[in-house]
Amino acid sequence: MNKNFISLADFSKEEIFNILLEAKKLKNDKKNLDTAKLLQGKTLALILQKPSTRTLVSFAAGMVQLGGNPLILNPQDLQLKRGETLTDTAKILSFYVDAIMIRANKHEEVEELAKYAAIPVINGLTDKEHPCQVLSDIFTILEQKKINSPEDLKQIKISYVGDGNNISHSLILAAAILGMEIVVSSPKNYVVEKEFVQKGLELGRESGAKISLITDPMAAVGNSDIIYTDVWASMGKEEEREHRKQIFKPYQVNVALLAFAKPQVLVMHCLPAHRGEEITDEVMDGPRSIIFEQAENRLHVQKAILLHLLKSL
Ligand code: CP
Ligand code: NVA
C-alpha cells in the first residue's frame, strides 16, 4: 500500500473504488455515530503555501469528525521561511504528527517532503496535480449517475474545456485508470502537459480508456455526459489573467456550449470559479450544474483518504 497520497497514478482501480466505498459509508453515517473515534489521538498537519477554502476546511473538519486533531501551519510561521530545508522539516514533523497535508507551489516539493517524512503525505494541490479534488469528483459522478460498478464508468465521457492545468492532469489520470473517455479542449499553447497524456495513454492501454485533445470546444463536448471546467488563470498565474481572458473566450461554458452535448449533460467545476469568465452564472446556478454537490463531497472523500492512510497506523 502507498504510504502517501500524491498522484492518482500511484493507485489501482480497486484501491480507488475501496476509498470511494468508504466515502459513501461516511456520507451515509450522517450523525457520525460509527466513525467519531476512528482517528482518536492522531494529528494531521496542514501546510498551505497557497490559499484554500475547500481543501483546508474539508481536511480540518474531516479530521475533527473522525476524532483526530488538525494543526494548521502557516509556512510563514515555520522555519521553512528562514531557509530550513524541506527535508529537515519532513524529518522533524514526523516526530510530532501522524500525517501532513500540503498545498505546494511545486509538485517536486511534495515529493521531497514525502521522501523524507516517515509519515503519510497528502497532496492538497500542486502546479501539476490535484488528486484529492478529482478523486472526490469521481465520487460525485458515481453518485449523480447512480453507478455502482467500476465497469459502468466506462460508459462515461468527460469533456474538460479550458486551461491545461493541474485539474485536467488529474482528470486524465483518473479517466485512464478507470477506463473512461476524456476529451480535453484548450487553446493552442495552453494544452495539458505531454507527460500526463503519455502516462494516461499508458494506463489507458490496460483499462480501455480513450484520451484525446481537441482544440474546438464545440466538437469536444459532442455526446458528452460531463462538461468540466476550471479557472483560466490558476493560482500563481494571476498576472496573466487579463491576457488569458481574451484567448480563452471561446472556451466559456455557457448555455450555447451545452447545446452541443447530451441533453442530460452535467456540469462540473472544482471551484473557486470566476463567474462570467470560464462559466456563466446561468450554467453554474442552473439545472445541469452539480458543482455544489462536488464541493460537499470533498468532505466525505477527504475523510475516506485520511482513514485509508491512517486507520491502521
Ligand atoms: N477546489 C479546491 O481545491 O478549492 P480550494 O482552493 O478552496 O481548496
Ligand atoms: N487550477 C486551479 C485549481 C484550484 C482549486 C488552481 O491551481 O488555482
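For the structure itself, look to the data block above.
The shown structure was predicted, so the numbers you read here are calculated from the model rather than taken from an experiment.

Read from one edge of the open sheet, 4 strands run β2-β1-β3-β4, paired in parallel fashion. Unpaired on one side and paired on the other, β2 (69-73) and β4 (121-123) mark the two borders of the sheet. Taken over all neighbouring pairs, the strand axes of this sheet differ in orientation by 20° on average, direction set aside. When strand β1 (residues 43-48) meets β2, the two strands line up parallel, connected through 5 bridges. Its bridge partner being in β2, Ile-47 is matched across the sheet by Leu-73.

Remark on secondary structure: sheet strands pair via backbone hydrogen bonds, oriented parallel or antiparallel. Spatially, the 5 strands line up as an open sheet ordered β7-β6-β5-β8-β9, and their pairing is parallel. Of all strands in the sheet, those with a lone pairing partner are β7 (210-213) and β9 (266-269), marking the two edges. The average undirected angle you get between the axes of adjacent strands in this sheet is 20°. Sheet analysis places strand β5 (residues 157-161) next to strand β6 (residues 181-185), joined by 5 bridges and oriented parallel.

Our next topic: the environment of Gly-124. Position of Gly-124 among the secondary structure elements: in the loop between β4 and α5 (131-144). Between the C-alpha atoms of Gly-124 and Asp-88, which are 36 residues apart in sequence, the distance is 20 Å. Setting aside anything within four residues of it in sequence, one finds Gly-124 in contact with Thr-55, Met-101, Ile-102, Arg-103 and His-130.

Bringing the site of ligand 1 into the picture now. Close to ligand 1 lie Ser-52, Thr-53, Arg-54, Thr-55, Arg-103, His-130, Gln-133, Cys-270, Leu-271 and Arg-298. Side-chain polar atom of His-130 to an oxygen atom of ligand 1: 2.8 Å apart, as the coordinates give it. Burial of ligand 1 by the protein chains amounts to 96% of its free accessible area of 260 Å². Here ligand 1 is seated within the largest pocket. Classifying every residue of the shell around ligand 1 by side-chain character gives 2 nonpolar, 5 polar and 3 charged.

This part takes up a nonpolar patch on the surface. A contiguous nonpolar patch, built from Ile-92, Phe-95 and Tyr-96 and spanning about 380 Å² of accessible area, is present on the exposed surface. Here Ile-92 is to be found in helix α3 (residues 86-96).

Attention shifts here to the side chain of Gln-294. Position of Gln-294 among the secondary structure elements: in helix α12 (residues 291-310). Excluding its chain neighbours within four sequence positions, the residues that come into contact with Gln-294 are Gln-133, Ser-136, Asp-137, Thr-140, Tyr-228, Met-268, His-269 and Cys-270.

As a further point, take the pattern of salt bridges. Counted under the stated rule, the structure contains 14 salt bridges. For the salt bridge of Lys-27 with Glu-143, the shortest nitrogen-to-oxygen distance reads 2.6 Å. With Lys-27 in helix α1 (residues 13-28) and Glu-143 in helix α5, the pair connects residues that are 116 residues apart, well separated along the chain. For Lys-27, a relative accessible area of 17% corresponds to the buried category. The closest approach of N and O atoms between Arg-275 and Asp-281, which form a salt bridge, is 2.8 Å. On the basis of relative accessible area, Arg-275 is assigned to the partly exposed category, the value being 39%.

Let us now look at the side chain of Asp-29. Note on placement: Asp-29 falls in the loop between α1 and β1. Nearest to the buried, unbridged Asp-29 among oppositely charged side chains is Lys-303, at 6.8 Å. For Asp-29, the residues in contact, after removing those within four places along its chain, are Asp-34 and Thr-35.

Cut-offs and rules
Residues numbered from 1 in each chain as written. Chains lettered and ligands numbered in written order. Predicted model: local features only at pLDDT ≥ 70, side-chain atom pairs only at ≥ 80, totals over all residues. Heavy atoms only, no water. Pairing = 2+ DSSP bridges. Helix = DSSP H or I, 4+ residues; strand = E, 2+ residues; numbered from the N terminus. Axes fitted to C-alpha atoms, helices over the stretch in contact; angles between N-to-C directions. Contact = heavy atoms within 4.5 Å. Near = heavy atom within 4 Å. Polar contact = N/O pair within 3.5 Å; in protein donor to acceptor, adjacent residues only side chain to side chain. Areas by Shrake-Rupley, 256 points an atom, 1.4 Å probe, with all protein chains shown as cover. 1 Å grid on protein atoms, 1.4 Å probe; cavity = no way out; pocket = protein on both sides within 12 Å on 5 of 7 lines; lining within 4 Å. Sits in = over half its atoms within 2 Å of the grid points. Nonpolar A, V, L, I, M, F, W, Y, C, P; charged D, E, K, R; others polar. Patch = residues over 30% accessible without salt bridge, like charges linked within 9 Å, V, L, I, M, F, W, Y side chains within 5 Å. Salt bridge = Lys/Arg side-chain N within 4 Å of Asp/Glu carboxyl O. Buried < 20%, exposed > 50% of the residue type's maximum accessible area, 1.4 Å probe, protein only. Lys, Arg positive; Asp, Glu negative; His and termini not counted.

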